[in-house]
Every structure is written in C-alpha cells, then in structure tokens.
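Summary of structural features
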Amino acid sequence: EVQLQASGGGLVQAGGSLRLSCAASGFTFDDYAIGWLRQAPGKEREGVSCISSSDGMTYYGDSVKGRFTISSDNAKNTVYLEMNSLKPEDTAVYYCAAASHCSGYGPDYDYWGQGTQVTVSS
C-alpha cells in the first residue's frame, strides 16, 4: 500500500526552526515529485515546497522562499523540509504528498500523508 508519513512537527517560538520528515513507501519513489502543502484553520490548502525525486529540482511558495529548504534522501525514500525563521503565520497542518510532477495545487497530487501539526507562537 502507498504510505506517506509526515513527522517532526511541534510547538516553537517565532524565529525558531523545525525539520519535518516525509517517509514514503509503496510506490517507486524516484518516479514522483514530493510536495509539502499546508492548511491553516479557515484557509485553503497552500503549496509550500516540492522536490522532484529524480533530478532534485526544487520549488518554493513565495511566502516561504528564503526560509525553508526541501531536500531528499532517495536511499531512505524520505523528503525533508527544514523550516527556519518561523513566523506565527506558518502555523498549520503540514502534509506531504506525491505527484507525477511538482505542483503548488493540491488536486494535482495523487497520494497524501496524514499531516503533522506545526505551531509557531509569538
């Protein structure tokens, strides 16, 4: 079965850092792009970042560019999201998802993980 397990969320103060992990299984990892998307209460799901597992190309949403870094460890079928200089507006449930190509739109993704909560206090 296809599984995407997001982990690493938690509570941090503004200006702090967190590293999220997405462990994938049940599909050919190198054939997919892995994205991070987030959803805050009352808001639509927002694309955060994406990495093409085959060639390592990366993409970032405007709101996180320069603060977040996505990377992958293909040997472990795992994608990471290093989040620095966190702001209260980063508070959301963060989901990892798999698609044929990187996209900032949720409907483009085929498989989804359960998500991990990130809370940034001020």
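What comes next is a walk through the structure. (Residues numbered from 1 in each chain as written. Predicted model: local features only at pLDDT ≥ 70, side-chain atom pairs only at ≥ 80, totals over all residues. Heavy atoms only, no water.)

1. Side note on the overall build of the chain
The condition that has to hold: Numbered from the N terminus, helices here are DSSP runs of H or I no shorter than four residues, and strands are runs of E no shorter than two. Values of the radius of gyration come from C-alpha atoms, whereas the globule rule sets the reference at 2.2 Å times the count of residues to the power 0.38. Residue contacts are defined here by distance: any two heavy atoms, one from each residue, within 4.5 Å place the two residues in contact. The Shrake-Rupley method, run with a 1.4 Å probe, gives the accessible areas here. Residue values count only the displayed protein chains as cover. Note that His is not counted, nor are the chain ends; the positive residues are Lys and Arg, and the negative ones are Asp and Glu. Charge coordinates come from a single atom per side chain, which is NZ of Lys, CZ of Arg, CG of Asp or CD of Glu.
Of regular secondary structure, the chain possesses zero helices and 11 strands. Going residue by residue from the N terminus, the α and β elements of the chain occur as β-β-β-β-β-β-β-β-β-β-β. Relative to the compact-globule value of 14 Å for 122 residues, the chain shows a C-alpha radius of gyration of 13 Å, a close match. Considering only contacts in the chain between residues 6 or more positions apart, those separated by 24 or more positions represent 56%. By element, 45% of the accessible surface of the chain is carried by carbon and sulfur atoms, the whole surface being about 6,300 Å². Here the chain contributes 8 positively and 13 negatively charged side chains, and the mean placements of these two sets differ by 9 Å.

2. Let's talk about the pairing of strand E8 (residues 78-83)
Which entries qualify depends on this criterion: Each residue is placed in one exposure class: buried if its accessible area under a 1.4 Å probe, protein chains only, is under 20% of its type's maximum, exposed if it is over 50%, and partly exposed if it falls in between. Note: two strands are recorded as paired if DSSP finds a minimum of 2 bridges between them.
Within E8, five of the six residues are buried, leaving the element largely enclosed by the surrounding structure. By the bridge criterion, six bridges tie strand E7 (residues 68-73) to E8 in an arrangement that is antiparallel. Each bridged residue has a counterpart across the sheet, and for aspartate 73 the counterpart in E8 is threonine 78. The turn joining E7 and E8, which pair antiparallel and follow one another in sequence, is formed by four residues; a positive phi near 50° is taken by asparagine 77.

3. Remarks on the nonpolar core
Here is the rule: Only buried Ala, Val, Leu, Ile, Met, Phe, Trp, Tyr and Cys residues count toward a nonpolar core, and they belong to the same one when joined by side-chain atoms within 4.5 Å.
Within the largest apolar cluster, 28 residues are counted, with the highest numbers of intra-cluster contacts made by Ile34, Trp36, Phe68, Val79, Leu81, Met83 and Tyr94. Mapped by element, the contributors of at least two residues to this core are strand E1 (3-7), strand E3 (18-25), strand E4 (33-39), strand E5 (46-52), E7, E8, strand E9 (92-99) and strand E11 (116-121). Setting aside chain neighbours within four positions, we find phenylalanine 68 in contact with Arg38, Val48, Tyr60, Leu81, Glu82, Met83, Asn84, Leu86, Asp90 and Tyr94. Ala33, Leu37, Ala97 and Tyr109 belong to the second largest nonpolar core, which has six residues in total.

4. Topic: the layout of surface pockets
By rolling a water-sized probe across the atoms, one finds the places where empty space is left. This is how it is decided: A pocket here means an open set of points on a 1 Å grid, computed over the protein atoms alone, that has protein on both sides within 12 Å along at least five of seven lines. A cavity is instead a set of points where a 1.4 Å probe fits but cannot get out; residues with an atom within 4 Å of a point line either one. Grid points are joined across faces, edges and corners, and a volume is the space filled by probe spheres set on the points. Side-chain classes are defined by residue name, with Ala, Val, Leu, Ile, Met, Phe, Trp, Tyr, Cys and Pro counting as nonpolar, Asp, Glu, Lys and Arg as charged, and the others, Gly among them, as polar.
Empty space within the largest pocket amounts to approximately 180 Å³. Taken together, 13 residues form the lining of the largest pocket, with Arg38, Lys43, Glu46, Ser63 and Glu89 sitting closest to its centre. Along the lines of polarity and charge, the residues of the lining of the largest pocket split into two nonpolar, three polar and eight charged.

5. Here we look at the sheet that holds E7
Here is the rule: Axis angles are defined between N-to-C directions and span 0 to 180 degrees, where every axis is a line fitted to C-alpha atoms and, for a helix, only to the segment in contact.
The four strands lie next to each other as E1-E3-E8-E7, forming an open sheet whose pairing is antiparallel. Each of the sheet's edge strands pairs with one partner strand only, and the pair in question is E1 and E7. Each neighbouring strand pair of the sheet contributes to a mean axis angle of 15°, computed without reference to strand direction. Where E3 lies against E8, six bridges are found, and the strand directions are antiparallel. The residue of E8 that forms the bridge with alanine 23 is threonine 78.

6. So, the side chain of threonine 116
This is how the line gets drawn: We define a polar contact as two N or O atoms separated by no more than 3.5 Å, with the added condition that, inside protein, one atom must be a possible hydrogen donor and the other a possible acceptor, whereas residues neighbouring each other in sequence contribute only through side-chain atom pairs.
Its place among the elements puts threonine 116 in strand E11. There is a polar contact of 3.1 Å between the side chain of threonine 116 and the backbone nitrogen of glycine 9. Dropping the residues within four chain positions of it, threonine 116 is found in contact with Ala6, Ser7, Gly8, Gly9, Leu20, Ala92, Val93 and Tyr94.

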